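# Chain and residue survey
These are the residues of each chain, in order.
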Amino acid sequence: NHIGSTMDYPDYYGNLLSMAEVSIKIWDPYFNRGDEDLFSHVQAGVDVTILYMFKSKMYSMTAADVKSRVEGQLPAGHGTVKVAYLPNTDTTLFDERKWHDRFLILDEALVFLVGGSMAYQRSSANCFGIYDVSDDEDIALIIERFEKTLYEVENKGYVL
């Protein structure tokens, strides 16, 4: 159980990222300027996939900006970086696939329900929980839904 870590807030999310040995998948509605700082914890060789929503009516970072900022924080010899986004301008897909909850999937095996977006995990005085999902059926469902949403946005070309 990773919940009993001695890491003090707000380092826990970064600590989780450092545990990944193969892959990190982040499913979060938001990616904000500065969130890339969390990726300095990632080990070399680990693949990173980020799936977020791009909302044109409010400030959102472009996928190219997200990708370059994340790559700039990763160690030499990092794995592949994939950034996919669900734009609210694609109203049909957005209405069908928008989400609110945040998930972190490590090595296709460890799944966490994250209470606040990455900005809150790195710099806020607010406190949000990170729940270690332990039920195999719940883990399988979260991974399946992540992969389905990722496939659908990639199929529309919303990926770098």
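Conventions we followed
- Residues numbered from 1 in each chain as written.
- Predicted model: local features only at pLDDT ≥ 70, side-chain atom pairs only at ≥ 80, totals over all residues.
- Heavy atoms only, no water.
- Helix = DSSP H or I, 4+ residues; strand = E, 2+ residues; numbered from the N terminus.
- Rg over C-alpha atoms; globule rule 2.2 N^0.38 Å.
- Contact = heavy atoms within 4.5 Å.
- Areas by Shrake-Rupley, 256 points an atom, 1.4 Å probe, with all protein chains shown as cover.
- Lys, Arg positive; Asp, Glu negative; His and termini not counted.
- Charge placed at Lys NZ, Arg CZ, Asp CG, Glu CD.
- Salt bridge = Lys/Arg side-chain N within 4 Å of Asp/Glu carboxyl O.
- Buried < 20%, exposed > 50% of the residue type's maximum accessible area, 1.4 Å probe, protein only.

### Points about the overall build of the chain
- In terms of regular secondary structure, the chain is built from five helices and six strands.
- In sequence order, the secondary structure elements of the chain are arranged as α-β-β-α-β-α-β-β-α-β-α.
- What you see for the chain is a C-alpha radius of gyration of 15 Å, in line with the 15 Å of a compact globule of 160 residues.
- For the chain, the share of sequence-separated contacts (at least 6 apart) that also reach a separation of at least 24 residues comes to 69%.
- With an accessible surface of roughly 8,000 Å², the chain has 50% of that area assigned to carbon and sulfur atoms.
- When the 14 basic and 25 acidic side-chain charges of the chain are each reduced to a single mean position, those positions are 10 Å apart.

### Re the pattern of salt bridges
- Applying the stated criterion across every chain yields a total of 11 salt bridges.
- Of the charged contacts, one joins R122 and D35 as a salt bridge, the two residues approaching to 2.6 Å between their closest N and O atoms. Of the two residues, R122 is situated in helix α4 (residues 118-123) and D35 in the loop between β1 (23-27) and β2 (47-54); the sequence distance between them amounts to 87 residues.
- Under the relative-accessibility criterion, R122 is labelled partly exposed at 25%.
- In this structure, R69 engages E36 in a salt bridge whose closest nitrogen and oxygen atoms are separated by 2.9 Å. Here R69, found in helix α2 (residues 63-73), pairs with E36, found in the loop between β1 and β2; they are 33 residues apart in sequence, far enough to count as distant.
- Taking the relative accessible area as the measure of exposure, R69 reaches 23% and is therefore partly exposed.
- Relative accessible area serves as the criterion here: at 8%, E36 is assigned to the buried category.

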